[in-house]
Amino acid sequence: MENPSKNSMNETLLRHYVNEDAVVRAYVRSCTMGHRETDDVLQEIWKVVCVKIGQYDESRPFRAWVMGIARMQVLKWRQTQARSREVLSPETIELFAETAMEHGDELDFRRQHLRECLSRIPALGRQIMRLKYFDGLTIATIGLQMKKSTAAIEMALVRFRRFLRACIEKQLVEERLSTS
Amino acid sequence: MKNFNDTDLANYLEGALPADEIGRLDETLKHDPQLRKNLLVLAGFEAELPIALQEMSPGELQSLSEESPAGRKLTPRVVSAPHPRSSRIMFGRVIRYAGWPALAAAAALIIGIGLFRFSGPLIQRLTSPIMRIALIEGDYVRSGNRIQTPARSRAIVYLKNATEIKMAENTTLEALMPWNNARQTVFLAKGEILNNTAKGNGAFVVRTGAGSVRVTGTRFSVRAESLAGERMKGSKERTVMTVKVLEGQVKVEDVAATASIMVNCGEEAKVVEDSQPGKTIKTLFYDDFEEDEIGKVPQRWQLAPKLWAVRMDGNMDNKVLAMVANKQIRNIASFCLTGNSGWSNYSVQCRAKMLGDEKHLMAAVIAYDRKDKGFYIFSHDASTEEIVLKKYRAGSQKSGGDYVVLSCRPHRASNGQWQILKLGLTNTPEGILLRGKIWQENESEPKEWTIEAHDKENSLSGGECGVMSSMETTYFDDFCVSTTVSGNDDLADSFKERD
């Protein structure tokens, strides 16, 4: 028989974490740059959250609590990169955590709008993006597959990313106008 | 101080900004909150983009791959990991199935596609593009991974939206959607899963090669298998999906989402690949007692006064039909009925929980009740640890009636646990075929009937149905009467060979 209190704890955890996932993901990605460790850090955060969920006080904001864990994990990762010059300073990492907490809601809205905007981009754009972000191919490989130059693929990616971001901005503006 | 634009920030996130530039960016970020926000927004966008692309439906992915000059086709069965370089797994949590001691070592196998870099103690470093690792309780799986349960092994996967997926043996499941999304989607390649989704936690979608099931807050099982017989004919082997709804309602669609049906509690629907979904079992009656008043007799039932009433199931927010214990009149059974005397060829199913003294406990479903003739009973008797199929033959007022045991089998279950009793009756030229099965609520419905009997007396050919209990506290819930749908010949033909 499963422990009911453990189950309800899990449900609390899941409910909250789903809401705050966008902000944690954006924060970790900002601090770990193009490093492959981004997913490892996210995984470590999730593991710590699972272990410590019993200590979470429900009367306090979950975002602040989970971002505290995220900050510690990113700083821990930062320590492993101490000799590298290609990482942000601990001070900036701390400041990023504050900025992430401040703009968490907006990041979540953006995440939702991204899905809608993605369906609006032309087939070619989705195809290139799929090869790059979904299949994980390099720009050079995509160029070879599509018989286009690396520069052309690079430019196409820049253009479609720009399109998506503009689309998301437009959606956010429309949303603000409709709620005001 | 340099003004960093979006291209610089994108280069930084790609790891393409030179080290000295990163130093300058770091200094600027310390003093520029707007730049920090811009970088966060861009990072969020970059982090979400692979997930959003992956969340596109298999149909969309298919159409994209068809556009690809490389000609590589993506099917729902082959979903690449979004981060091929990343390590470990982040879709949901797998735990060992508690009731299966043989699973001490490995509960499931997971197949990741792509070049993963693993560092866990149970995971080997491999260079093959496809690897298998044994999962243990508490491991995490991520979107794009495939979970397999071998023979005599089962697993439970918890998704982040509180959905619980119980995987039967020989089942292959793929996590199509990332765990962080409100609309969780899995692809059932083969085997059977029992899903328990929580209300208010977003939609949950199960896709198979034959179609998909979409729900919000319900309990249902899905089975995907190859249509037997077709391989022999040399044609394309089609998938067939069977959906059984245990609570609530689900929407069943074909692969192209051009045809859909709503399937209610107690009903079963089947979809053969490239065909429209159709119901194979239709509900005649269903009652979960949620509309009834606590302490009163439920509206649609004929009851023995004061013995039966609607109650709450402990602290759970769930109403049940309860037999209230009466210590004075033990060894006597009481029953309550519903339905129509004209009903025949149906199955009765309900959940039952026995809470009283084990020496006297008995819970049963009854069917084909004709007041002047008798009825059939499928009971679980805790005192003798048996399940029994029997017939009650009504007698005269003076002599009373008698019970005839048609079949009997040992069965042990813990008190205080919900279990499901199902009795199926079919009128045949040789008499009435009775078949029963019983299983724990947290298990999938057994494919085979557990107990069977043939009553050749032909004294009962239809009638009302209901529940029955000894004079000990017993709860009943989700009472459902269903019948096989006729007239769907195409679908029936499809299953003829398989069955």
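Residues numbered from 1 in each chain as written. Chains lettered and ligands numbered in written order. Predicted model: local features only at pLDDT ≥ 70, side-chain atom pairs only at ≥ 80, totals over all residues.

The next thing to look at is the overall build of chain B. Scanning chain B from N- to C-terminus turns up 5 helices and 30 strands. A burial count over chain B gives 44% of its 499 residues as buried. For chain B, the share of sequence-separated contacts (at least 6 apart) that also reach a separation of at least 24 residues comes to 59%. (Helix = DSSP H or I, 4+ residues; strand = E, 2+ residues; numbered from the N terminus. Buried ≥ 20, exposed ≤ 12 C-beta atoms within 10 Å, placed from the backbone. Contact = placed C-beta atoms within 7 Å.)

The next point concerns the overall build of chain A. On a plain count of helices and strands, chain A comes out with 8 helices and 0 strands. Each helix (α) and strand (β) of chain A, taken in turn from the N terminus, gives the series α-α-α-α-α-α-α-α. Going through the 180 residues of chain A one by one, you find that 36% of them count as buried. Counting only contacts in chain A whose residues sit at least 6 apart along the sequence, the fraction spanning at least 24 positions is 70%.

All names here are of chain B. Strand order in the open sheet made by the 6 strands is E20-E29-E22-E23-E24-E25, with antiparallel pairing throughout. Taken across any chain shown, the strands that pair with only one partner, and hence form the sheet edges, are strand E20 (333–338) and strand E25 (402–410). Recorded for the sheet is a direction-independent mean angle of 20 degrees between the axes of neighbouring strands. (Pairing = 2+ DSSP bridges. Axes fitted to C-alpha atoms, helices over the stretch in contact; angles between N-to-C directions.)

Let's shift gears to the packing of helix H4 (residues 90–102) of chain A against helix H2 (residues 19–31) of chain B. H2(B) packs onto H4(A) with a crossing angle of 45 degrees between their chain directions and a minimal axis gap of 9 Å. Comparing their axes, H2(B) and H4(A) come out oblique. Judged by the sense of rotation from one axis to the other, the crossing of H4(A) with H2(B) is left-handed. Contacts between H4(A) and H2(B) pair A:Glu91, A:Thr92 and A:Leu95 from the former with B:Asp26, B:Leu29 and B:Lys30 from the latter. (Parallel < 35°, antiparallel > 145°, perpendicular 65-115°, else oblique. Left-handed = near helix turned anticlockwise from the far one by under 90°.)

The next thing to look at is unusual backbone geometry. All names here are of chain B. One non-glycine residue with positive phi stands out, namely Phe-289, at about 65 degrees. Mapping Phe-289 onto the fold places it in the loop between strand E17 (278–287) and strand E18 (308–312). A positive phi angle, near 55 degrees, is found at Glu-385, a position not held by glycine. The residue Glu-385 is located in the loop between strand E23 (374–381) and strand E24 (386–393) in this model. Glu-385 gets classed as exposed once you count the C-beta atoms within 10 Å, which come to 12.

A few words on helix H5 (residues 104–118) of chain A. With 15 residues, H5(A) should cover 21 Å at 1.5 Å per step; its first-to-last C-alpha distance of 21 Å lies within 8% of that length. Of all the positions in H5(A), only A:Gly104, A:Leu107, A:Arg110, A:Arg111, A:Leu114 and A:Leu118 are classed as buried. (Expected span 1.5 Å × (residues − 1).)

Next up on the list: the packing of helix H3 (residues 62–80) of chain A against H4(A). Residues and elements named next belong to chain A. Direction vectors running N to C along H3 and H4 enclose 160 degrees, while the axes themselves pass 10 Å from each other. It follows from the interaxial angle that H3 and H4 lie roughly antiparallel. The crossing of H3 and H4 is right-handed. From H3, Arg-63, Ala-64, Met-67, Ala-70, Arg-71, Val-74, Leu-75 and Arg-78 reach across to H4, where they touch Pro-90, Ile-93, Glu-94, Ala-97, Ala-100 and Met-101. Per-class residue counts for the contact of H3 with H4 are 10 nonpolar, no polar and 4 charged. (Nonpolar A, V, L, I, M, F, W, Y, C, P; charged D, E, K, R; others polar.)

Let us now look at the nonpolar core. In this structure, B:Val243, B:Val365, B:Ile366, B:Ala367 and B:Val467 are the most contacted members of the largest nonpolar core, which totals 86 residues. For this core, the leading source of residues is strand E22 (residues 362–370) of chain B, giving 7 residues. Counting only domains with at least three residues in this core, you end up with domain 2 (92–276) and domain 3 (287–484) of chain B. Sequence-distant contacts of B:Val365, defined by excluding residues within four places in its chain, comprise B:Val348, B:Cys350, B:Phe378, B:Leu421, B:Leu423 and B:Val467. Core analysis: the second largest hydrophobic core is formed by 55 residues, A:Tyr27, A:Val41, A:Trp46 and A:Ile93 among them. (Core = buried A, V, L, I, M, F, W, Y, C linked by C-beta atoms within 7 Å. Domains from an automatic or database assignment.)

Residues and elements named next belong to chain B. Along the polypeptide, Thr-172 turns up in strand E8 (residues 171–175). Residue classification places Thr-172 among the partly exposed positions, given that 19 C-beta atoms sit within 10 Å. A sequence separation of 17 residues divides Thr-172 from Ala-189, and the C-alpha atoms of the two residues are 5.4 Å apart. Setting aside residues up to four positions removed in sequence, Thr-172 forms contacts with Arg-146, Gln-148, Ala-189, Lys-190 and Gly-191.

What follows deals with the environment of A:Asp40. Within the secondary structure, A:Asp40 is located in helix H2 (residues 37–52). Along the backbone, A:Asp40 and A:Trp77 are 37 residues apart, and their C-alpha atoms lie at a distance of 9.4 Å.

Here the focus is the environment of B:Leu42. All names here are of chain B. Structurally, the position occupied by Leu-42 is in helix H3 (residues 33–55). Put simply, Leu-42 and Leu-13 are 29 residues apart on the chain and 8.5 Å apart in space, counted from C-alpha to C-alpha. For Leu-42, the residues in contact, after removing those within four places along its chain, are Asp-6, Leu-9, Ala-10 and Leu-13.

This part is about the confidence of the model for chain B. All names here are of chain B. Looking at chain B as a whole, its pLDDT mean stands at 71, while 68% of the residues score no less than 70. This model gives residues 57–131 a pLDDT under 50, and the stretch forms 163 contacts once residues within four places in sequence are excluded. Counted against residues more than four places away or in other chains, residues 229–234, with its pLDDT under 50, gives 5 contacts. (pLDDT = per-residue confidence, 0-100.)

Residues and elements named next belong to chain B. Taken residue by residue, helix H1 (residues 6–14) has Leu-9, Tyr-12 and Leu-13 as its buried positions. The arc enclosing the buried residues of H1, seen along the axis, measures out at 95 degrees, which places them on a common side. In this structure, H1 carries Thr-7 and Glu-14 as exposed residues pointing more than 90 degrees from its buried face. Just past H1, the residue Gly-15 takes up positive phi, approximately 80 degrees. (Arc of directions from axis to C-beta.)

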